[in-house]
Amino acid sequence: MDGVIVDSEPVHQRLEREMYASLGLSISEVEHKSYVGTSAVDMWNMISRKHKLSKTPEELLLIGRRQYWEALDNNEVPLVHGVKSIITTFHHLGFTLQVASSATRPTVDKVIAHFQLDEYFSHRIGGNEVTKSKPEPEIFLRAAQQSGSAPNCCVVIEDSTNGIRAALKAGMRCIGYANSGTGEQDLSAADWVVNDLHAITPELIARFH
């Protein structure tokens, strides 16, 4: 969802840096980028352990969620250019569409409702609903199970290194979307890389089967 449906990474990164500053943390750009694609729960767990924070990961998660929801309500988080077009195209063609996001399920539901996309997604799953987040494959395997699809019949669109690793571990094909707002992510392991979501056409998907 983040970086593929909504162009949220710049906002996430700004809010996270503001939180780091408020906590007195000095997080390098390399460390910050390493968390892209992982769940917010895992990110704050790792940061809390590494930097020995007094606030619990759960407290930090709720603070971050509240700030992000405020940004969403203030229309600071736009849809990724071209995403509504490909969502409606593949929906009308009868493809099963799912959201499998490292964001928590409440945030997934809020984003989908905010942009009135509910009718297009048969199922959704958030990072707090799995035991191991990306780069582990659990979230994508659960998504396949929800739709009754074999993993090798699924195509994942990802903008992060961790997401691509998870998709490939799940035995799925993966399209890497080079979203400049996500930062420099290694997408080279993806089956296909695009710079524009309009390049994801039914003809491209047909190459994977």
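Residues numbered from 1 in each chain as written. Predicted model: local features only at pLDDT ≥ 70, side-chain atom pairs only at ≥ 80, totals over all residues. Heavy atoms only, no water.

What follows deals with the environment of Val108. Turning to its location among the elements, Val108 is positioned in helix α6 (residues 105–114). For Val108, a relative accessible area of 0% corresponds to the buried category. Sequence-wise, Val108 and Asp2 are 106 residues apart; in three dimensions their C-alpha atoms are separated by 9.3 Å. Each residue touching Val108, except ones within four places of it in the same chain, is listed here: Met1, Val99, Ser101, Ala103, Arg124, Ile125 and Gly126. (Helix = DSSP H or I, 4+ residues; strand = E, 2+ residues; numbered from the N terminus. Buried < 20%, exposed > 50% of the residue type's maximum accessible area, 1.4 Å probe, protein only. Contact = heavy atoms within 4.5 Å.)

Turning our attention to the side chain of Asp159. Mapped onto the fold, Asp159 is located in the loop between β3 (155–158) and α8 (161–169). Other than its neighbours up to four places away in sequence, Asp159 contacts Asp2, Gly3, Val4, Glu9, Tyr177, Asn179, Thr182, Gln185 and Leu187.

Moving on to the pattern of salt bridges. Under the definition given, this model contains 13 salt bridges. Between Arg105 and Asp109 there is a salt bridge; the shortest N-O distance is 2.9 Å. With Arg105 and Asp109 both in helix α6, this residue pair falls four residues apart, about one helical turn. Residue class for Arg105 comes out partly exposed when judged on its relative accessible area of 25%. The salt bridge involving Asp109 is made with Arg124; its shortest N-O contact spans 3.1 Å. With Asp109 in helix α6 and Arg124 in strand β2 (residues 123–125), this pair connects stretches of sequence that are 15 residues apart. In this structure Arg124 comes out as buried when scored by relative accessible area, which is 13%. Members of the salt-bridge network, linked through shared partners, are Arg105, Asp109, Asp118, Arg124 and Glu129. (Salt bridge = Lys/Arg side-chain N within 4 Å of Asp/Glu carboxyl O.)

Remark: a regular strand shows side chains that alternate across the two faces of the sheet. Burial along β3 is one-sided: the residues Val156 and Glu158 are buried and none of Val155 and Ile157 is. As paired elements, β3 and strand β4 (residues 173–177) share four bridges and run parallel to each other. Note on β4: the bridge partner recorded for Glu158 is Gly176. For the segment spanning β3, α8 and β4, crossover handedness is right-handed. (Pairing = 2+ DSSP bridges. Right-handed = clockwise from strand over helix to strand, strands pointing away.)

This brings us to the sheet that holds strand β5 (residues 192–194). Taken together, the three strands give an open sheet; going across it, the order is β3-β4-β5, and neighbouring strands pair in parallel fashion. Each of the sheet's edge strands pairs with one partner strand only, and the pair in question is β3 and β5. Between one strand axis and the next, the sheet turns by 25° as a mean value, whatever way the strands run. (Axes fitted to C-alpha atoms, helices over the stretch in contact; angles between N-to-C directions.)

Take the nonpolar core next. Core analysis: the largest hydrophobic core is formed by 32 residues, its most contacted members being Met1, Ile5, Val6, Tyr68, Leu117, Phe121 and Ile200. Contributions of two or more residues to this core are made by α1 (9–22), α4 (57–73), α5 (83–92), α6, β4 and α9 (202–206). At four residues, α5 tops the list of elements feeding residues into this core. In this view, Val6 contacts Met1, Tyr68, Val77, Pro78, Leu79, Val80, Val111 and Phe115; residues no more than four positions away in its chain are not counted. Ala143, Ala166, Leu187 and Ala190 belong to the second-largest nonpolar core, a separate cluster that totals 17 residues. (Core = buried A, V, L, I, M, F, W, Y, C linked by side-chain atoms within 4.5 Å.)

Of all the positions in helix α7 (residues 138–147), only Ile139, Phe140, Ala143 and Ala144 are classed as buried. When α7 is viewed along its axis, its buried side chains cluster within an angular range of 140° and face the same direction. Next to the buried residues of α7 lie β1 (98–100), β2, β3 and α8. Phi turns positive, to about 70°, at Gly148, one or two residues after α7. (Arc of directions from axis to C-beta.)

Quick look at the pairing of β4 now. Of all five residues in β4, four are buried; the element is thus mostly enclosed. Pairing of β4 with β5, which is carried by three bridges, proceeds in the parallel orientation. Across the sheet, residue Ile175 finds its bridge partner in β5, namely Trp192.

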